[in-house]
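Remarks on the overall topology
Now for the letters of each chain:
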Amino acid sequence: MTPEVDLGALAEAVPRFRDLRLLVVGDLMLDQFVWGETSRISPEAPVPVVEVQQETFLLGGAANVAHNLRALGAGVLLAGVVGRDGTGRRLRELAEAEGIDVRGVVADGRGTTLKTRVLARGQQVVRVDRESRKPPDPRAAAGLEAFVSAAAGEVDAVVVSDYAKGVVTAAVMAALGAACRAAAVPLLVDPKPANADLYLGVDIVTPNRRETEALSGVSLAGPGRVEEAGRRIHRRLDTRAVLMTLGGEGMALWEPEAGLFTIPTMAREVYDVTGAGDTVVAALALALADGRSFREGAVLANAAAGVVVGKVGTATVSPAELASVLAGGVREGA
């Protein structure tokens, strides 16, 4: 399936992830899932009535990237901003329960982002977002910048998970860039086009289809458009590589010397794409931290994403699941 990449060697690398330590910086969220059943339409409006059966809370946004890294065995430092509220406390508690180091999570007067998804019979009915996009207050911002500047030199890779909620600023990116260059540590960004100018000189960005079109100014409809989009994003941001996630079409990696490398999706069934981008950047970061190439990292990320989209909700992939998918690819390619 991917003859340029040794899938067996990638599978053998998965157990080594437990020896790695990574820093995740970005917008922290709590994902609430309200599960229920529906059998009738409301008499008040043409909407279904959902009878709630249970509620679950999961780490979201940058915290889900950290959760994905922990699920694959790595040590994780998490840095971001929460509010002084019950949602923020719950987020910290969930992260600590997963073994995530939350010393870099600072609190300010903003409310913690909470995304509530109501599901009936396994299908999402509605999503309700409660969030603030204001920048952190000066004290919280200064604490965050000081933490990431010191921590970036003590890890094997740094991931910035930007949801454009105000945490990823020019000052934070400048601090990370300087620290990562000094320590020769890979710096990865899951981007938002509105903040494109902040990502200049990072090692790699991982835009989805919509973000790829926005960052490049290229519509992906038509032959050769993905390659042109990758080229333009590379030129705009001066990155070493661009990994574009294209949904059912898989992924495409652009490197200035090697050009375009396409990877077909490894997903067997797609139930929910919630958080798939978080899984992609987490798996890619682990591969780069282990000294793997961008191509190897892209294949690993594609395999990990193929697992999580087959699960409902904000999901993660385990080392055993990832190794199994890679082993299956080896068998198919034999």
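Residues numbered from 1 in each chain as written. Predicted model: local features only at pLDDT ≥ 70, side-chain atom pairs only at ≥ 80, totals over all residues. Heavy atoms only, no water.

As recorded in an unreviewed UniProt entry, the protein goes by the name D-glycero-beta-D-manno-heptose-7-phosphate kinase, listed as coming from Dissulfurirhabdus thermomarina.

Details of the sheet that holds strand β12 (residues 251-255)
Heads up, the condition is: When DSSP finds two or more bridges between a pair of strands, those strands are recorded as paired. Per the convention used, a helix needs a DSSP run of H or I reaching at least four residues, while a strand needs a run of E reaching at least two, with both numbered from the N terminus. Every residue pair with non-hydrogen atoms within 4.5 Å of one another is taken to be in contact. All axes are obtained by fitting lines to C-alpha atoms, using only the stretch in contact for helices, and the reported angles, taken between N-to-C directions, cover 0 to 180 degrees.
With respect to topology, 9 strands assemble into an open sheet ordered β5-β4-β1-β8-β9-β10-β11-β12-β13, the strand pairing being mixed. The two strands at the open ends of the sheet, each matched to only one other strand, are β5 (101-108) and β13 (259-263). As paired strands, strand β8 (residues 157-161) and strand β9 (residues 187-190) are joined by 4 bridges and run parallel to one another. If you follow Ser-161 over to β9, its bridge partner there is Asp-190. Lying on the sheet, helix α3 (residues 86-97) is in contact with β4 (75-83) and β5; it crosses β5 at an angle near 175 degrees. Packing against the sheet, helix α7 (residues 225-237) makes contact with β10 (204-205), β11 (241-245), β12 and β13, and its axis sits at approximately 135 degrees to β11.

Describing helix α6 (residues 209-216)
Rules: When a residue's accessible area, from a 1.4 Å probe over protein chains only, is under 20% of the maximum for its type it is buried; when over 50% it is exposed; and in between it is partly exposed. Summarising the geometry, the arc corresponds to the directions from the helix axis toward the C-beta atoms.
Listing the buried residues of α6 in full gives Glu-211, Thr-212, Leu-215 and Ser-216. All buried residues of α6 lie within an arc of 115 degrees about the axis, which places them on one face of the element. Lining the buried residues of α6 we find β9, α7 and β11. Positive phi appears at Gly-217, one or two residues downstream of α6, with a value of about 75 degrees.

Structural notes on the pairing of β5
Using the following cut-off: Place the viewer so that the strands point away; then a crossover is right-handed whenever the path from the first strand over the helix to the second strand goes clockwise.
Looking at chain direction, β4 and β5 are connected through 6 bridges and run parallel. By the bridge assignment, Val-82 is partnered in β5 with Ala-107. Between β4 and its parallel partner β5, the chain crosses via α3, and the hand of that crossover is right-handed.

Some thoughts on empty space enclosed by the protein
We count it as follows: Cavity and pocket criteria rest on a 1 Å grid covering protein atoms alone: a 1.4 Å probe that fits but cannot get out defines a cavity, protein on both sides within 12 Å along at least 5 of 7 lines defines an open pocket, and an atom within 4 Å of a point defines a lining residue. Grid points are joined across faces, edges and corners, and a volume is the space filled by probe spheres set on the points. In this count, Pro and Cys sit with the nonpolar residues alongside Ala, Val, Leu, Ile, Met, Phe, Trp and Tyr, while Asp, Glu, Lys and Arg are called charged and the others, Gly among them, polar.
For the structure on display, the rule yields 1 cavity of 30 Å³ or more. Considering only enclosed or pocket space, the largest cavity measures out at about 60 Å³ in volume. As for the largest cavity, its lining consists of Asp-27, Leu-28, Val-81, Val-82, Gly-83, Arg-110, Gly-111, Thr-112, Thr-113, Lys-165 and Val-167. When residues in the lining of the largest cavity are grouped by element, the largest group, 3 residues, is from β4. Taken together, the residues of the lining of the largest cavity sort by class into 4 nonpolar, 4 polar and 3 charged.

With respect to the side chain of Asp-108
Along the polypeptide, Asp-108 turns up in strand β5. For Asp-108, a relative accessible area of 1% gives the class buried. Sequence-distant contacts of Asp-108, defined by excluding residues within four places in its chain, comprise Val-81, Val-82, Gly-83, Arg-84, Pro-136, Asp-137 and Ala-140.

What about the environment of Ser-219?
Here Ser-219 lies in the loop between α6 and α7. Sequence separation between Ser-219 and Arg-209 is 10 residues; the distance between their C-alpha atoms is 9.4 Å. Contacts of Ser-219, omitting those with residues within four sequence positions, involve Glu-213 and Arg-225.

Description of the pattern of salt bridges
In plain terms, the rule: Any Lys or Arg side-chain nitrogen found within 4 Å of a carboxyl oxygen on Asp or Glu counts as a salt bridge.
A complete count under the given rule lists 18 salt bridges for this structure. Two residues, Glu-131 and Lys-115, come together in a salt bridge whose shortest N-O distance is 3.5 Å. Taken together, the residues Glu-131 in the loop between β7 (123-130) and α4 (138-151) and Lys-115 in strand β6 (residues 113-120) connect sequence positions 16 residues apart. Residue classification places Glu-131 among the partly exposed residues on the basis of a relative accessible area of 29%. A relative accessible area of 6% places Lys-115 in the buried class.

Observations concerning the sheet that holds strand β2 (residues 28-41)
One open sheet holds the 4 strands; their spatial order is β3-β2-β6-β7, and the pairing between them is mixed. Of all the strands in the sheet, just β3 (48-61) and β7 have a single pairing partner and so form its edges. Strand-to-strand twist across the sheet, computed as the mean angle between neighbouring axes with direction ignored, equals 20 degrees. Sheet analysis places β2 next to β6, joined by 8 bridges and oriented parallel. The partner of Gly-36 across the bridge, within β6, is Ala-120.

Details of the nonpolar core
Basically, it comes down to this: By nonpolar core we mean a set of buried residues, namely Ala, Val, Leu, Ile, Met, Phe, Trp, Tyr and Cys, connected to one another through side-chain atoms within 4.5 Å.
Among the nonpolar cores identified, the biggest contains 64 residues, and Val-24, Leu-188, Ile-204, Leu-300, Leu-322 and Leu-326 are the most heavily contacted of them. If one sorts the elements of this core by residue count, helix α8 (residues 276-289) sits on top with 11 residues. Beyond its immediate sequence surroundings of up to four residues, Ile-204 is in contact with Leu-187, Leu-188, Val-189, Ala-241, Val-242, Leu-243, Leu-253, Leu-284, Leu-288 and Phe-294.

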